[in-house]
2 protein chains.
Amino acid sequence: MKAGDIDTLCVQLGDRSYDIVIGAGLIESAASKIAPVLARPRCIIITDENVAPHYLAPLKASLEGAGIKVETITLPAGEQTKSFAQFQKLCETILEMRIERSTTLIALGGGVIGDLVGYTAASILRGIPFIQVPTTLLSQVDSSVGGKTGINTKHGKNLVGAFYQPKLVLADTQTLNTLDRRQLLAGYAEVVKYGLIDSPDFFEWLEVNAQALIDGDMDKRRHAVLTSCAAKARVVAEDERESGKRALLNLGHTFGHALEAETGYGGTLLHGEAVSIGTAMAFDLSRRLELCSGQDSARTAAHFDAIGLASDFKALNTDGWTTDKLMDHMSRDKKVEDGKLTFILARGIGQAYVTRDIDTADVRALLNDWLKNSS
Amino acid sequence: MKAGDIDTLCVQLGDRSYDIVIGAGLIESAASKIAPVLARPRCIIITDENVAPHYLAPLKASLEGAGIKVETITLPAGEQTKSFAQFQKLCETILEMRIERSTTLIALGGGVIGDLVGYTAASILRGIPFIQVPTTLLSQVDSSVGGKTGINTKHGKNLVGAFYQPKLVLADTQTLNTLDRRQLLAGYAEVVKYGLIDSPDFFEWLEVNAQALIDGDMDKRRHAVLTSCAAKARVVAEDERESGKRALLNLGHTFGHALEAETGYGGTLLHGEAVSIGTAMAFDLSRRLELCSGQDSARTAAHFDAIGLASDFKALNTDGWTTDKLMDHMSRDKKVEDGKLTFILARGIGQAYVTRDIDTADVRALLNDWLKNSS
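Remember, it's a predicted structure, so these values are computed and weren't measured experimentally.

A closer look at the overall build of chain A
Working step 1: Looking only at helices and strands, chain A features 13 helices and eleven strands.
Working step 2: The globule rule puts the C-alpha radius of gyration for 375 residues at 21 Å, and the 20 Å found for chain A is close to it.
Working step 3: Dimensions of chain A along its principal axes, counting C-alpha atoms only, are 60 × 45 × 35 Å.
Working step 4: Here chain A, with 375 residues, has 52% of them falling under the buried criterion.
Working step 5: Of the contacts formed within chain A by residues at least 6 apart in sequence, a portion of 74% connects residues at least 24 apart.

Quick notes on the pairing of strand β5 (residues 104-109) of chain A
Two faces belong to every sheet, and in a regular strand the side chains alternate between them.
All names here are of chain A.
Working step 1: Among the six residues that make up β5, six are buried, leaving the element largely enclosed by the rest of the structure.
Working step 2: Pairing geometry for strand β3 (residues 42-48) and β5, over five bridges, is parallel. When the sheet's bridge partners are listed, Ile-44 is paired in β5 with Leu-105.
Working step 3: For β5 and strand β6 (residues 130-134), the ladder comprises five bridges, and the chain directions are parallel.

With respect to unusual backbone geometry
Working step 1: If you check the backbone angles, A:Asn158 has positive phi at about 55° while not being a glycine.
Working step 2: Position of A:Asn158 among the secondary structure elements: in strand β8 (residues 156-163).
Working step 3: In this structure A:Asn158 comes out as partly exposed when scored by C-beta crowding, with 19 C-beta atoms within 10 Å.
Working step 4: Located in the positive-phi region is B:Leu125, a residue other than glycine, with phi close to 50°.
Working step 5: Secondary-structure assignment places B:Leu125 in the loop between α4 (111-123) and β6 (130-134).
Working step 6: Residue classification places B:Leu125 among the buried positions, given that 23 C-beta atoms sit within 10 Å.

A few points about the confidence of the model for chain A
Working step 1: With 96% of its residues at a pLDDT of at least 70, chain A reaches an overall mean of 93.
Working step 2: Reported for the predicted complex are a pTM of 0.90 and an ipTM of 0.89.

A word on the sheet that holds strand β5 (residues 104-109) of chain B
Residues and elements named next belong to chain B.
Working step 1: With mixed pairing, the seven strands of this open sheet are ordered in space as β1-β2-β9-β6-β5-β3-β4. Edge positions in the open sheet fall to β1 (6-11) and β4 (69-75), since each of these has one partner strand only. Neighbouring strand axes in the sheet, compared pairwise and without regard to direction, differ in orientation by 15° on average.
Working step 2: In the sheet, β1 pairs with strand β2 (residues 18-23) via six bridges, with the strands oriented antiparallel. Its bridge partner being in β2, Cys-10 is matched across the sheet by Asp-19.
Working step 3: Contacting β3 (42-48), β4, β5 and β6, helix α2 (residues 52-65) runs over the sheet at an angle of about 175° to β3.
Working step 4: Against the sheet, α4 contacts β3, β5 and β6, and its axis sits at roughly 165° relative to β5.

Notes on the interface of chain A and chain B
Interface size, as often reported, equals the accessible area lost upon joining of the parts.
Working step 1: With 32 residues of chain A at the contact, the number on the chain B side is 32 residues.
Working step 2: Broken down by secondary-structure element, the contributors of at least two residues to the side of chain A that touches chain B are α3 (84-96), α4 (111-123), β7 (148-153) and β8 of chain A.
Working step 3: Among the elements that take part in the side of chain A that touches chain B, α3(A) stands out by supplying six residues, more than any other.
Working step 4: Taken together, the residues that form the side of chain A that touches chain B break down as eleven nonpolar, eight polar and 13 charged.

What to know about the domain arrangement of chain A
Residue and element names in this part refer to chain A.
Working step 1: Examined at the domain level, chain A breaks down into domain 1 (6-178) and domain 2 (181-372).
Working step 2: Between the C-alpha centres of domain 1 and domain 2 there is a distance of 26 Å.
Working step 3: Elements represented by at least two residues in the side of domain 1 that touches domain 2 include exactly β1 (6-11), β2 (18-23), α5 (137-143) and β8.
Working step 4: The leading source of residues in the side of domain 1 that touches domain 2 is α5, at five residues.
Working step 5: Residues of the side of domain 1 that touches domain 2, tallied by class, amount to 14 nonpolar, ten polar and four charged.

Topic: the sheet that holds β1(A)
All names here are of chain A.
Working step 1: Taken in spatial order, the seven strands of this open sheet run β1-β2-β9-β6-β5-β3-β4, and their pairing is mixed. Edge positions in the sheet fall to β1 and β4 (69-75), since each of these pairs with one other strand and no more. Taken pair by pair, the neighbouring strands of this sheet meet at an average axis angle of 15°, ignoring direction.
Working step 2: Of the strand pairs in this sheet, β2 and strand β9 (residues 168-172) are connected by five bridges, and their pairing is parallel. Each residue of the ladder has a partner; that of Ile-20, found in β9, is Val-169.
Working step 3: On the sheet, α4 packs against β3, β5 and β6 and is oriented at approximately 165° with respect to β5.

Notes on the relation of the copies chain A and chain B
Working step 1: After a rotation of 180° and a shift along the axis of 0.0 Å, chain A superposes on chain B with an RMSD of 0.0 Å. The relationship between the two copies is best expressed as a two-fold rotation axis. Closest approach to the rotation axis within chain A is made by the C-alpha atom of A:Phe84, at a distance of 4.1 Å.
Working step 2: Looking at chain A, 100% of its interface residues are interface residues in chain B too, so the copies touch through the same face.

With respect to helix α3 (residues 84-96) of chain B
Residue and element names in this part refer to chain B.
Working step 1: Between its terminal C-alpha atoms α3 stretches 18 Å, which fits the 18 Å expected from 13 residues at 1.5 Å a residue.
Working step 2: Buried within α3 we find Phe-87, Gln-88, Leu-90, Cys-91 and Ile-94. Buried residues in α3, looked at end-on, bunch into an arc of 165°, giving them a common side. Opposite the buried face of α3, by more than 90 degrees, sit the exposed residues Ala-85 and Glu-96.
Working step 3: Once α3 finishes, Arg-98 follows within two positions and takes phi at roughly 55°, a positive value.

A word on the packing of helix α10 (residues 271-288) of chain A against helix α13 (residues 360-372) of chain A
What describes two packed helices is the angle between their axes and the distance between those same axes.
All names here are of chain A.
Working step 1: Taken N-terminus to C-terminus, the directions of α10 and α13 make an angle of 120°; their axes are 11 Å apart at the nearest point. Relative to α13, the element α10 is oriented oblique. Here α10 and α13 pass one another in a crossing that is right-handed. Contacts between α10 and α13 pair Met-281, Asp-284, Leu-285 and Arg-288 from the former with Asp-362, Leu-366 and Trp-370 from the latter.
Working step 2: Its residues assigned to classes, the contact of α10 with α13 comprises four nonpolar, no polar and three charged.

A word on the environment of B:Ala261
All names here are of chain B.
Working step 1: Within the secondary structure, Ala-261 is located in helix α9 (residues 253-263).
Working step 2: The exposure class assigned to Ala-261 is buried, which follows from the 20 C-beta atoms found within 10 Å.
Working step 3: Put simply, Ala-261 and Asp-19 are 242 residues apart on the chain and 33 Å apart in space, counted from C-alpha to C-alpha.
Working step 4: Aside from chain neighbours lying at most four places away, what touches Ala-261 is Gly-156 and His-329.

Let's talk about the nonpolar core
Working step 1: Ranked by size, the top nonpolar core spans 231 residues in total, and within it A:Ile46, A:Leu108, A:Ala282, B:Ile46, B:Leu108 and B:Ala282 carry the most contacts.
Working step 2: Not counting residues up to four positions away in its chain, the partners in contact with B:Ala282 are B:Leu251, B:Gly252, B:Phe255, B:Phe343, B:Ile344, B:Leu345 and B:Ala346.

Some words on helix α11 (residues 294-307) of chain A
All names here are of chain A.
Working step 1: End to end, α11 covers 20 Å across 14 residues, agreeing with the expected 20 Å (1.5 Å per residue, within 8%).
Working step 2: Within the span of α11, buried status applies to Asp-296, Ser-297, Thr-300, Ala-301, His-303 and Phe-304. With its buried residues spanning 150° around the axis, α11 presents them on a single face. Opposite the buried face of α11, at more than 90 degrees from it, the exposed residues are Gly-294, Gln-295 and Ala-306.
Working step 3: Those residues of α11 that are buried are in contact with α6 (181-198), α7 (200-215) and α10.

Analysis parameters
Per-chain numbering applies: the sequence of each chain, read as written, is numbered from 1 onward. Chains and ligands are labelled by the order in which they are written, letters from A for the one and numbers from 1 for the other. The predicted nature of this model means local features are confined to residues of pLDDT at least 70 and side-chain atom pairs, given and counted, to a pLDDT of 80 or more, with totals for whole chains, interfaces and linings taken over all residues. The secondary structure listing takes helices from DSSP runs of H or I that are at least 4 residues long and strands from runs of E that are at least 2 residues long, numbered from the N terminus. In this setup the radius of gyration rests on C-alpha atoms only. A globule is expected at 2.2 Å times the number of residues raised to 0.38. Here a residue counts as buried when 20 or more other C-beta atoms fall within 10 Å of its C-beta, as exposed when 12 or fewer do, and as partly exposed in between; the C-beta atoms come from the backbone. Note on contacts: residues are paired as contacts if their backbone-placed C-beta atoms lie within 7 Å. Only strands that DSSP links by at least two bridges are regarded as paired with each other. Here pLDDT means the predictor's own confidence in every residue, given as a number from 0 to 100. Axis definition: a line fitted to C-alpha atoms, limited for helices to the stretch in contact. Angles are taken between N-to-C directions and run from 0 to 180 degrees. In the scheme used here, Gly and all other residues not listed as nonpolar or charged are polar, with Ala, Val, Leu, Ile, Met, Phe, Trp, Tyr, Cys and Pro taken as nonpolar and Asp, Glu, Lys and Arg as charged. Boundaries between domains were set according to an automatic or database domain assignment. Overlaid copies result from least-squares superposition on C-alpha atoms, with residues included only where pLDDT is at least 70 in both. One less than the number of residues in a helix, times 1.5 Å, gives the span that helix is expected to have. In this description, the arc belongs to the directions extending from the helix axis to the C-beta atoms. Roughly parallel refers to an angle under 35 degrees, roughly antiparallel to one over 145, roughly perpendicular to one between 65 and 115, and oblique to any angle outside these ranges. By convention the crossing between two helices is left-handed if the near helix lies anticlockwise of the far one by an angle smaller than a right angle, and right-handed if it lies clockwise. In this description, a nonpolar core means buried residues of the types Ala, Val, Leu, Ile, Met, Phe, Trp, Tyr and Cys, linked to one another by C-beta atoms lying within 7 Å.

As structure tokens, this is what we get:
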């Protein structure tokens, strides 16, 4: 691998600071980055059945080649794995291995594995070290920064978990080659989000380069992952526990979570797909409230459309959906305070802001119209 | 309540600092202490079936009298409640109530309720505020300081949890009046521990005053709770996440946990009863290694005996116990590092220290002898 092919970003969080290393082929040489951050040379790699055939053997081989003791656990793939039942099972499997507080967990996989393993690491023996090796675009640009871990409950996603930082993140951009296109696009929705929040230049760059990035240009992928992680790291460093500015990262998520809840998290609608629609909704609400121009709202939707991401309800089966149901899902959001929903709206591209001053009637009117136009 | 009947101790942990308020009758006037620390006037009290009949109504009445919205959850009493199953159920029950991040959980009960509710508060929405109202001597002097929360697994006690600090602790010494004598004595074992660690004067005071304290003298109880909490707070403030000095608090616990594991946590042996025997074992090991005098070792055991706490295996049914089994339980302790057990030994009363340099053969010899003398 030639020099310059690897970027390293330090997420600054005092004594919880850690590096995100981004580049192609990092898994094969993982030990060189991982060994220096281990308290003791013992790791447990936790992955899923989709990822294991591709990347478990090379990661294990690299670590064992450096004299590190490695055990592995392979879980079922899919969102259902982020459950209380799997959390308990994983904790007990790890405890059965007689770990010590210095044993490090390695999460090899997408957001499901990262979130579950992170929460498990936060909880076992009240906290043991963990490392993330995210293998999807979504997890590379989203869950690898910020320390949010957790599992789903019957009342919603990620409602039980911990803020817990990894010791290291290795984002190997080659893993995106084995990712199916739908997953790649869904992850790309979060990349766009960073441009829309506060980086109009990055959004412009994406308008020009998105297609090449999605089609496999490795340098553009690395640039997009680095820029996204850096954008998120900036926000998280200022607000680790989500009391203020960090809420900006939820652009598209208040609406998006309601769509995911309504579709049942079953793969009908991927998280990133919900975010692209939710982001278009947030811009539409901003336009209706005369906060941003119709041009910026249209430009946002046009970019999602151009890349093959939904920006409306047309591709969804909305039979039986109602404004009341969607409002109900939104009211269960973690960001509700004093009964008020938090919305991330925008004064334009790259000019997002957080507000709790939105009239419920305006939100209901928007949902009514979107539902009416969905069929 | 006359002035001077209440003591307040601040546990200094930076932005996680909190007060422990100690006195008789605090529950009846709880709102005056609780209202000022609430982010919003909404609480959920979680208690158990033993405690609810005595203290739930007055606590609820006090809070409601101050305009605070109160909901309540009553769980089964007993160690089995600290399980994954109850954790999941409690999380889902609380989420069903549609809480916000500003909703405060109040743990009203002993260590089981405190540990379970603390871990639940740490996990729900990745952390919501909680307040402890400990109603046993053990929880007043132990789990109310230090932020250790957690549940049990089939591999041992407290192996899954979080370090998570309460916003406030109210230790009402009147609640000890409804505690049965066996529970009171078990809690007293932890009080003795603080004297043995680094406060020989407090140990001497206990030798004189323990009987009165146990029999109901409220001033002596308050003094003992305050001194114990202050001792623990001193250690915790220096070492919140248990990397060094905090291990001193585990005096008697490495052996004690093995005894609890062997008896199955079923009430056969209470935690504090295991600690008194474990402490006697730690002093016996210290004597055998010629670290402390036979006189100090005997004086420790004599105090436990005088007060009615066990200092040997005689009252236990040790049929089927073996040295191997006890060693195996100890090797699963959270404090194991690099395969080495951590022991808290003593150079005398009030002179405890942490060591990993103990020869396994010496520990096995001690266990052999104690088992031989048990029948």
